[in-house]
Amino acid sequence: MNRVVHAACPHDCPDACGVLITIEDGRATKIQGDPAHPVTRGFLCAKVAKYLDRVYSPGRVLYPMRRVVSKGPCGADTPVRAAFEQITWDEALDEITQKFKRIIAEFGAESILPYSYGGTLGALNGASMDRRFFHRVGASQLERSICSSAGEEGIKSVLGVKLGTEPEQFAHSRYIIAWGANIHGNNVHLWPFIEEARRKGAKLVVIDPYRTRTAKCADWYLPINPGTDAALALGLMHVIIHENLYDADYIARYAVGFDDLKARVQEYPPEKVAGWTGIAASDIRKLAREYATQHPAVIRVNYGIQRSERGGMAMRAVTMLPCLIGSWKELGGGLQLSLSGAFGLNRAGLEMPELMQRALGRPARTVNMVQLGSALNTLNDPPVKALFVYNSNPAAVCPNHNDVIRGLKRTDLFTVVHEQFLTDTTDYADLVLPATTFFEHKDLQTAYGHYYVQVSNQAMEPLGECRSNVDVFRALAERMGFEDECFRESVDSMIDRALDSPNPWLKGITRGRLERENHIRLNFSTNQVGAAAPGRGPQQARVSPAGVVGRPAERSSAENASPFLPFAQGNFLTPSGKAEFYSEGLKPRGLDPVVAFTPPEESRHGAKAAGFPLELLARKADNHLNSSFANVPAVRELEPMLGQLEMHAADARPRGIHDGDPVRAFNPRGEIVLKARVNGSVPPGVVAARLDWARFSPGARNINVLTSEKLTDMGNAATFYSVCVEVELFRP
Ligand SMILES: Nc1nc2c(c(=O)[nH]1)N[C@H]1C(S)=C(S)[C@@H](COP(=O)(O)OP(=O)(O)OC[C@H]3O[C@@H](n4cnc5c(=O)[nH]c(N)nc54)[C@H](O)[C@@H]3O)O[C@H]1N2
Ligand SMILES: Nc1nc2c(c(=O)[nH]1)N[C@H]1C(S)=C(S)[C@@H](COP(=O)(O)OP(=O)(O)OC[C@H]3O[C@@H](n4cnc5c(=O)[nH]c(N)nc54)[C@H](O)[C@@H]3O)O[C@H]1N2
Ligand code: SF4
Ligand SMILES: [Mo]
């Protein structure tokens, strides 16, 4: 019997596609994008289009395994599997609970560290039963800041919330800036809306130090020096304010701190900004004028600009632009970073942080995931004695790779990895547990690049002995003797609980409806400001910090279909209720309450550049998802740049480097040998390489040997794009 099952792609990608999986005799035979999903529009990215290869990969982990050799990557001739013996689930669960109990008795519960991130963004398998379990154990908490927390704090310092322009509205834009946003690579479902706008005459500008696929398609490409975006935004605001191109009415109604900003931008004339950014003063003036006058103008800014030492400030500065020109009022205006702030699921009900209080009588300590290397090697009181990894591949994705590996090799560290594949991280696991893919379990899916909620149905039985994250932590809780009812909760009940939230935008959205309708747009009728907003007075409805709107909701699907303009009439969730050009809350944290540019210490303008004059972009692969998919041959084929170091001829020539030469890239943290590609993708002074599994890289090292544990100015996030290196010809 053939069936077509609706699911939702749970990978860490803004698009959260609706997918249709065809099942024949219990086996998945086809995957396609859901044509009915308004953003997926029937197509998938290249990697997920090949998902059957991933699900049925011969590399899938199908049963629990115990290490039988010492920790570390296997040699070229030893199959990775030879490092393990098959065991039963009972043996695996017993071993984990016994070890955990012994470690808790000797070192305390906080010596156990969970480590998870974006393997699945499903609401349940991303963060629910796992969190309950570790809270009940009293394990250390993980600060999950490897990706987006600097940008999140930056945008919230102006808007108070992570909301923005929905993808569908880009079709109405006349001027589109992709700012540190590789739309073609990382967010491909926005592209058709941009194309639609361009057919109607819109201009696409790309600001990125790397000539991405998106940059190649742009009407105007502006290469910028890494980490200088705050300077550029301040330069643009200088021009906009000096030339009276700002929206005085919008600012008067809905913003605070304009006078402070006006005073501050005096310090950033285009000529000065050009020196930092590498963008000519004339281009800065032109960009400012076009952006402020070609209505509606929208900015798609992605997380690229905030992976820099002062990434929070950079995001803060860019977020001020639509507030300054009032483009939030316009259909096709505004800005998009992440829309995840709209979903307001009942997270507390899923995660139950109160269980931690019961375990310890206080909140457990927090370990930053970016600093895993330090945590494993130097943390005391208590030391990390057990590491439980799921939804993540830290031996590939974590910065300061050499320290991470040194820590993972510790023989006294008990490491469990719940995975779909034998990854770089399982090379250091004592136990490996088999994990389902989204074909094999049910979940609830939100998004960060659109406003639709979906249910992802289970399409087929789990392969082998695979279990979902929810099932594993449920089973572990039982073994640990945790009797709390919450550990017996079913998946459906957890989905109901997640949707049971005071947030009015979820009003009327139930599991039953989602199962029938597949995707449902958030119910914005309660805060519906509409396209005709300009000229209307401030709206009554005010959204509280918990996302609760003060006016009762009335729901109708017709209303739901109309565009959502979150800030057309203010409604900012900052302490002042206005867009904050001045933020009192930043001052006590030693941050500039207005906005300022300081070059990253580790950059060509910074103090740490001495001896390491090249800025490295340790980039994502266009066809992988961080480290995921690197092991699927059909997807790997799409990435010819793996193992290469892209550089400019002006940097290659004086070093005697030619296209194709082996080169050594190094800094005080590590070194890696790559092949030089002198191909015009980066400006002088910048080099770039792609993230890959260490296992597939020369010397079993990946590009994160060069990245650092340094945290950003806001949000304690990673600084993958503030890295200085030197490069030389490699002579073995
Ligand atoms: N194909 C694919 N899709 C993905 C991912 C993937 O690995 N592959 N990863 C997913 C994840 S986890 C995330 S967080 C999102 C991230 O999506 P993005 O935020 O788009 O991710 P990045 O590629 O880190 O950065 C975007 C661009 O910023 C540029 N950039 C770097 N430094 C600077 C700078 O200082 N200034 C400016 N203006 N630009 C800079 C980079 O060259 C890059 O082209 O994408 C998701 N989608
Ligand atoms: N140099 C460099 N490093 C980076 C980045 C970069 O741009 N450059 N990007 C950073 C960013 S933005 C991010 S978000 C992080 C991402 O880092 P991670 O969140 O670790 O992302 P992935 O590399 O995709 O690894 C996720 C793993 O989870 C597994 N998995 C998938 N689904 C499930 C499941 O249901 N259960 C279990 N148990 N496992 C599952 C997958 O097989 C995969 O191995 O990487 C960061 N690291
Ligand atoms: S990875 Fe992103 S673009 Fe690809 S199918 Fe999943 S959600 Fe869609
Ligand atoms: Mo990310």
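Residues numbered from 1 in each chain as written. Chains lettered and ligands numbered in written order. Predicted model: local features only at pLDDT ≥ 70, side-chain atom pairs only at ≥ 80, totals over all residues. Heavy atoms only, no water.

A.B. asks: It is not clear to me how the sheet that holds strand S2 (residues 18-24) should be interpreted in this structure. Could you clarify?
C.D. replies: By definition, the strands of a sheet pair up through backbone hydrogen bonds, in either a parallel or an antiparallel sense. An order of S1-S2-S3 is seen for the three strands of this open sheet, with the pairing classed as antiparallel. Across the chains shown, the open sheet's two edge strands, defined by having one partner strand only, are strand S1 (2-8) and strand S3 (27-33). Pairs of neighbouring strands in the sheet enclose a mean axial angle of 25°, with direction left out of account. (Pairing = 2+ DSSP bridges. Helix = DSSP H or I, 4+ residues; strand = E, 2+ residues; numbered from the N terminus. Axes fitted to C-alpha atoms, helices over the stretch in contact; angles between N-to-C directions.)

A.B. asks: What is the right way to read the nonpolar core from this model?
C.D. replies: One broad trend across soluble globular proteins is that nonpolar side chains are buried collectively. Core analysis: the largest hydrophobic core is formed by 129 residues, its most contacted members being Phe100, Phe133, Trp179, Leu261, Leu324, Phe388 and Leu522. A domain split of this core shows at least three residues from each of domain 2 (65-144 + 347-497) and domain 3 (150-337 + 573-589). Ignoring any residue separated from it by four or fewer positions in sequence, one finds Trp179 in contact with Ile207, Asp229, Leu232, Ala233, Leu236, Ile299, Arg300, Val301, Asn302, Ile305, Val318 and Leu321. (Core = buried A, V, L, I, M, F, W, Y, C linked by side-chain atoms within 4.5 Å. Buried < 20%, exposed > 50% of the residue type's maximum accessible area, 1.4 Å probe, protein only. Domains from an automatic or database assignment. Contact = heavy atoms within 4.5 Å.)

A.B. asks: In this structure, what is going on with the site of ligand 1? I would like to understand it.
C.D. replies: Around ligand 1, a shell composed of 33 residues is seen, among which Asp208, Tyr303, Arg619, Asp622 and His624 lie nearest. In the environment of ligand 1, an oxygen atom lies 2.6 Å from a nitrogen or oxygen atom belonging to the side chain of Asp208. Between ligand 1 and the protein, one listed contact pairs an oxygen atom with a side-chain N or O atom of Arg619 at 2.5 Å. In isolation ligand 1 has 900 Å² of accessible area, and contact with the protein removes 99% of it. For the shell around ligand 1, the secondary structure elements donating two or more residues are helix H7 (183-186) and strand S22 (614-619). Among the residues making up the shell around ligand 1, the classes are represented as 15 nonpolar, ten polar and eight charged. Split by domain, the residues of the shell around ligand 1 number at least three in each of domain 3 (150-337 + 573-589) and domain 4 (614-729). (Near = heavy atom within 4 Å. Polar contact = N/O pair within 3.5 Å; in protein donor to acceptor, adjacent residues only side chain to side chain. Areas by Shrake-Rupley, 256 points an atom, 1.4 Å probe, with all protein chains shown as cover. Nonpolar A, V, L, I, M, F, W, Y, C, P; charged D, E, K, R; others polar.)

A.B. asks: Any chance you could explain the sheet that holds strand S10 (residues 220-222) here in plain terms?
C.D. replies: Strand order in the open sheet formed by five strands is S10-S9-S8-S12-S13, with parallel pairing between adjacent strands. What marks the edges here is a single partner per strand, and that holds for S10 and strand S13 (334-336). Each strand axis lies, on average, 15° off the axis of its neighbour in the sheet, ignoring direction. As judged from the three bridges shared by strand S12 (residues 297-301) and S13, these two strands associate in the parallel manner. In the sheet register, Ile299 faces S13, and the bridge partner there is Leu335. Strands in contact with helix H14 (residues 281-293) are strand S8 (175-179), strand S9 (203-207), S10 and S12; relative to S10, the strand with the most contacts, it is inclined by about 130°.

A.B. asks: I tried to follow the site of ligand 3 on my own but got confused; where do I start?
C.D. replies: Near ligand 3, the surroundings consist of Cys9, Cys13, Asp15, Ala16, Cys17, Leu44, Cys45, Lys47, Val48 and His189. Here ligand 3 occupies the second largest cavity. Its residues assigned to classes, the shell around ligand 3 shows seven nonpolar, one polar and two charged. (1 Å grid on protein atoms, 1.4 Å probe; cavity = no way out; pocket = protein on both sides within 12 Å on 5 of 7 lines; lining within 4 Å. Sits in = over half its atoms within 2 Å of the grid points.)

A.B. asks: Please clarify how the confidence of the model for the chain should be interpreted in this entry.
C.D. replies: Regions with low pLDDT should not have their predicted coordinates read in detail. Here the chain averages 94 in pLDDT, and 95% of its residues register 70 or above. Mean pLDDT per element in the chain: helix H24 (residues 557-561) is the minimum at 43, and strand S15 (residues 386-390) is the maximum at 99. This model gives residues 528-560 a pLDDT under 50, and the stretch forms 78 contacts once residues within four places in sequence are excluded. (pLDDT = per-residue confidence, 0-100.)

A.B. asks: What is the right way to look at the packing of helix H5 (residues 129-137) against helix H21 (residues 469-480) in this model?
C.D. replies: For any two helices packed against each other, the geometry comes down to the angle between their axes and how far apart the axes lie. Axis separation between H5 and H21 bottoms out at 8 Å; the angle between their running directions is 25°. By the angle between their axes, H5 is roughly parallel relative to H21. Here H5 and H21 pass one another in a crossing that is left-handed. Residues Met129, Asp130, Phe133, Phe134 and Val137 of H5 touch H21, and the partners they reach there are Val470, Phe473, Arg474, Leu476, Ala477 and Met480. Across the contact of H5 with H21, the residue classes tally to nine nonpolar, no polar and two charged. (Parallel < 35°, antiparallel > 145°, perpendicular 65-115°, else oblique. Left-handed = near helix turned anticlockwise from the far one by under 90°.)

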